[in-house]
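Structural description and commentary
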Amino acid sequence: MNPDALRGHMDALLLSVLEHEPLHGYAIIEALTERSGGALAVPTGTVYPALRRLERVGYLASEWATVGGRKRRTYRLTASGAKQLAGERSAWREFTGVIGSVLEPGLRRAEAAG
């Protein structure tokens, strides 16, 4: 997948992966890869700065935990992060609807009539 296509969507992807359980950075990367069926191979140099930024704005909280015998920083979604994720999902649905209506106008009319 074109890395430029992820620009502007990384926050939503990270918040979504952390929605149900705290994870450490490498587990977050693995979850992104798994959920995307291998289409997303996001480098650590992209993920870790984004995690720190999301923590600074209050969407994530982190703590040190021992995972598999190693100390790792684990991240969890905050209440503010859950609210942001809901907004990101709403914006995504609107965005895909608008783009879909341009790229596949006949399909949109058929769905509206159906």
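Residues numbered from 1 in each chain as written. Predicted model: local features only at pLDDT ≥ 70, side-chain atom pairs only at ≥ 80, totals over all residues. Heavy atoms only, no water.

**Points about the pairing of strand β2 (residues 60–67)**
Within a regular beta strand, the side chains point alternately toward one face of the sheet and then the other, so they alternate between its two faces. Basically, it comes down to this: Paired strands, as defined in this entry, are two strands with at least two bridges between them according to DSSP. Numbering of helices and strands runs from the N terminus, with a helix taken as a DSSP run of H or I at least four residues long and a strand as a DSSP run of E at least two residues long.
Strand direction decides the pairing type here: β2 and strand β3 (residues 70–77), joined by 8 bridges, are antiparallel. Note on β3: the bridge partner recorded for A65 is R72. What sits between the antiparallel neighbours β2 and β3 is a turn of 2 residues, in which G68 has the positive phi angle 60°.

**With respect to the pattern of salt bridges**
Selection criterion: Any Lys or Arg side-chain nitrogen located within 4 Å of an Asp or Glu carboxyl oxygen qualifies as a salt bridge. The buried label goes to any residue with under 20% of its type's maximum accessible area, the exposed label to any with over 50%, and the partly exposed label to all in between, with areas taken from a 1.4 Å probe on protein chains only.
This model, assessed by the stated rule, comprises 2 salt bridges. Its salt-bridge partner being D11, residue R53 comes within 2.7 Å of it at the nearest N-O pair. Note that R53 is positioned in helix α3 (residues 44–56) and D11 in helix α1 (residues 10–17), a separation of 42 residues in sequence. Across the salt bridge formed by R89 and E19, the nearest N and O atoms sit 2.8 Å from each other. Of this pair, R89 sits in helix α4 (residues 79–103) while E19 sits in the loop between α1 and β1 (23–24); the two residues are 70 residues apart in sequence, bridging distant segments of the chain. By relative accessible area, R89 is classed as partly exposed at 32%.

**Side note on the side chain of H24**
What counts here: Pairing of N or O atoms within 3.5 Å defines a polar contact, subject to two protein rules: one partner must be a possible hydrogen donor and the other a possible acceptor, and residues neighboring in sequence count only if both atoms are side-chain atoms. Here, two residues are considered to be in contact whenever any of their heavy atoms come within 4.5 Å of each other.
Position of H24 relative to the elements: it lies in strand β1. Of note is the side chain of H24, whose polar atom sits 3.5 Å from the side chain of R72. Ignoring any residue separated from it by four or fewer positions in sequence, one finds H24 in contact with V67, R72, R73 and T74.

**Focus on the sheet that holds β3**
Our working definition: Lines fitted to the C-alpha atoms define the axes, with helices restricted to the stretch that makes contact. Angles between their N-to-C directions range from 0 to 180 degrees.
One open sheet holds the 3 strands; their spatial order is β1-β3-β2, and the pairing between them is antiparallel. The open sheet terminates on both sides in strands that have one partner only, identified here as β1 and β2. Across 2 bridges, the pairing between β1 and β3 is antiparallel. What sits directly across from L23, in β3, is Y75. Where α3 meets the sheet, it contacts β2 and β3, and its direction lies at approximately 125° from that of β2.

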